[in-house]
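If you want the building blocks of each chain, they are given just below.
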Amino acid sequence: MTNAQATDKHPGELTDVPGWFPPLDQMLFTWLLERQQKQDIKGDLLELGVYMGKSAILLGHHLQDGEKFTVCDLFEGDAPDGANQAESAKSYASLTQQIFERNYLSFHDDLPTVIAAPSSVVSEKVAPASCRFVHVDASHLYEHVHGDIGAAHDILVPEGIVVLDDFRSEHTPGVSVAAWEAVLNRGLRPICLSTQKLYGTWGDPEPLQEELLDMLRQRSDVGLSVQSAAGHRLVRARSRGMKPPPFPASRHYVAPPAASKAPAAEVTESRAARPARPAPSRARRLAKDLLPPLVTRAVRRARANRS
């Protein structure tokens, strides 16, 4: 992962917001959130770690009437320990609450509930069994991710979905340990794995997996495989040139100017464009053929007379 730099411009489209949210995960978020709506699954939304707001903006678009959206991030605040502070300074130095709010309000009329604090406080701020979707993308340190997963377990409704970011990136081994520990020892059941995220539930994943597999098998822009490990069915999806799903433009969107026609090229007379010369007459052709020999003979006679 490299640092995505902040900009001082209002985003016109979701792609303008810096962050790590690949098209595959945008598609999976959209499909899962829309399925919850179709299944009439009620509950609030929660995101731990928002960076510049890219995934939060998408989540907020799926907020239903009567639901609440909460985000939690350190922003400019102090981390709870030295290791977390070093991580924040290295990867998120450009993050401020002001930038997040500016980006979010470019797409939405109202801000979510913002908790500017370590994710460890979220259990005190969000009621148990109140959320249907939790995205965990805060600290990458094992101790913090372990706690975030525990909080997600308590906060989710029984059929709710948790998404763990960076669960297999080479630079985030703490997330990997915490994620698979939750699968092996804490009752988390995988729904699917993308290149970047683990989607899971503490409910029954099989009905959801079957619908997901049917959808993915109909797409030509997804590579798909199904494996089994430790009694869990692992649905693995990877992008094959996938484009992000459609998403409403922001209030600051400016359509690109219509392509103007190129000005007509200035007409200049070229050799090819000039009218062809008339063909020479028969007399002119004879003169052209006979004149050189006659001149040569005259020159020879003059030289002979001089000698």
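A quick note: this is a predicted structure, and the numbers were derived from the prediction, not measured.

*Asks:* Explain the nonpolar core to me, please; I cannot follow it from the model alone.
*Replies:* Inside soluble globular proteins, nonpolar side chains tend to come together where they are buried. Among the nonpolar cores identified, the biggest contains 40 residues, and Met 27, Phe 29, Phe 133, Tyr 199, Leu 212 and Leu 216 are the most heavily contacted of them. Within the residue set of this core, elements represented by two or more residues are helix 1 (23-38), helix 2 (54-61), strand 2 (69-73), helix 4 (97-105), strand 5 (156-165), strand 6 (189-193), helix 8 (206-217) and strand 9 (232-239). If one sorts the elements of this core by residue count, helix 1 sits on top with seven residues. Residue contacts for Phe 29: discarding those within four places in its chain leaves Phe 21, Leu 58, Leu 59, Phe 133, His 135, Val 163, Lys 197 and Tyr 199. Leu 48, Ala 138, Val 145 and Leu 234 belong to the second-largest nonpolar core, a separate cluster that totals 30 residues.

*Asks:* Just checking my understanding: could you explain the side chain of Arg 132 for this structure?
*Replies:* In this structure, Arg 132 sits in strand 4 (residues 131-136). In this structure Arg 132 comes out as buried when scored by relative accessible area, which is 0%. A polar atom in the side chain of Arg 132 sits 3.2 Å from the backbone oxygen of Gly 43.

*Asks:* Would you mind showing me how to read unusual backbone geometry here?
*Replies:* Across residues other than glycine, the phi torsion is negative in most instances, and most of the peptide bonds are trans. One non-glycine residue, Asp 40, adopts positive backbone phi at about 60 degrees. At Tyr 51, a position not held by glycine, the phi torsion is positive, near 50 degrees. Mapped onto the secondary structure, Tyr 51 falls in the loop between strand 1 (44-48) and helix 2.

*Asks:* For this particular structure, what's the right way to read the pattern of salt bridges?
*Replies:* In a structure, side chains of opposite charge can pair up when their charged atoms sit close to one another. If you walk through the whole model with that rule in mind, you get seven salt bridges. Arg 132 is the partner of Glu 67 in a salt bridge, and the nearest nitrogen-oxygen pair spans 2.9 Å. Taken together, the residues span a long stretch of sequence, with Glu 67 in the loop between helix 2 and strand 2 and Arg 132 in strand 4 at a distance of 65 residues. Residue Glu 67 is classed as buried on the basis of its relative accessible area, which comes to 12%. As a salt-bridge pair, Arg 219 and Asp 221 come within 2.9 Å of each other at their nearest N and O atoms.

*Asks:* What is the right way to look at the packing of helix 6 (residues 142-155) against helix 7 (residues 173-185) in this model?
*Replies:* Describing two packed helices takes the angle between their axes plus the distance from one axis to the other. Relative orientation of the contacting elements helix 6 and helix 7 amounts to 35 degrees, with a least axis distance of 8 Å. For the element pair helix 6 and helix 7, the recorded crossing hand is right-handed. On helix 7, the residues touching Tyr 142, Val 145, His 146 and Ile 149 of helix 6 are Gly 174, Val 175, Val 177, Ala 178, Ala 179, Glu 181 and Ala 182. In the contact of helix 6 with helix 7, the residues fall into eight nonpolar, two polar and one charged.

*Asks:* Just to check I follow, could you spell out the packing of aromatic side chains for this structure?
*Replies:* Each aromatic ring pair is described using two quantities: the centre-to-centre distance and the angle formed by the ring planes. Across all of its chains, the model carries nine aromatic pairs by this definition. For the ring pair Phe 21 and Phe 29, a centre distance of 5.0 Å and an interplane angle of 75 degrees mean the geometry is edge-to-face. Like Phe 29, Phe 21 is buried. Aromatic ring contacts, followed pair by pair, group Phe 21, Phe 29, Phe 133 and Tyr 199 into a single cluster.

*Asks:* Honestly, the packing of helix 1 against helix 2 in this entry has me stumped. Any pointers?
*Replies:* Between helix 1 and helix 2, whose axes approach to 10 Å, the crossing angle comes to 25 degrees. The angle between helix 1 and helix 2 places the two elements in the roughly parallel class. As helix 1 packs across helix 2, the resulting crossing turns out to be right-handed. Between helix 1 and helix 2, the residues in contact are Gln 26, Phe 29, Thr 30 and Leu 33 and Lys 54, Leu 58 and Leu 59, respectively.

Calculation criteria
- Along each chain, residues carry numbers from 1 onward, in the same order as the chain's sequence is written.
- For a predicted model such as this one, the threshold for reporting local features is a pLDDT of at least 70, and the threshold for listing and counting side-chain atom pairs is 80 or more; totals across whole chains, interfaces and linings nevertheless cover every residue.
- Hydrogens are left out, water is left out, and the side-chain values use all remaining heavy atoms of the structure.
- Buried Ala, Val, Leu, Ile, Met, Phe, Trp, Tyr and Cys residues form a nonpolar core when they are joined through side-chain atoms within 4.5 Å.
- Type-normalised accessible area, obtained with a 1.4 Å probe on protein chains alone, sets the label of each residue: buried when under 20%, exposed when over 50%, and partly exposed for intermediate values.
- Every helix listed is a DSSP run of H or I at least four residues long, and every strand listed is a run of E at least two residues long, numbered separately from the N terminus.
- By definition in these notes, contact holds between two residues if any of their heavy atoms fall within 4.5 Å.
- Pairs of N or O atoms within 3.5 Å make up the polar contacts considered here, provided that, within protein, one atom can donate a hydrogen while the other can accept it, and that residues adjacent in sequence are counted only when both atoms are side-chain atoms.
- What makes a salt bridge here is a side-chain nitrogen of Lys or Arg within 4 Å of a carboxyl oxygen of Asp or Glu, nothing more.
- Here an axis means a line fitted to C-alpha atoms, over the contact stretch when the element is a helix, while the angle between two N-to-C directions is reported on a 0 to 180 degree scale.
- Should the near helix be turned counterclockwise from the far one by less than a right angle, the crossing is left-handed, whereas a clockwise turn marks it as right-handed.
- Residue polarity is assigned by list, with Asp, Glu, Lys and Arg as charged and Ala, Val, Leu, Ile, Met, Phe, Trp, Tyr, Cys and Pro as nonpolar; anything else, Gly included, falls into the polar class.
- Any pair of Phe, Tyr and Trp rings, taking the six-membered ring for Trp, is counted once the centres come within 6.5 Å. Such a pair is stacked with planes under 30 degrees apart, edge-to-face with planes over 60 apart, and tilted for the rest.
- Orientation labels follow simple angle bins: below 35 degrees gives roughly parallel, above 145 gives roughly antiparallel, 65 to 115 gives roughly perpendicular, and whatever is left gives oblique.

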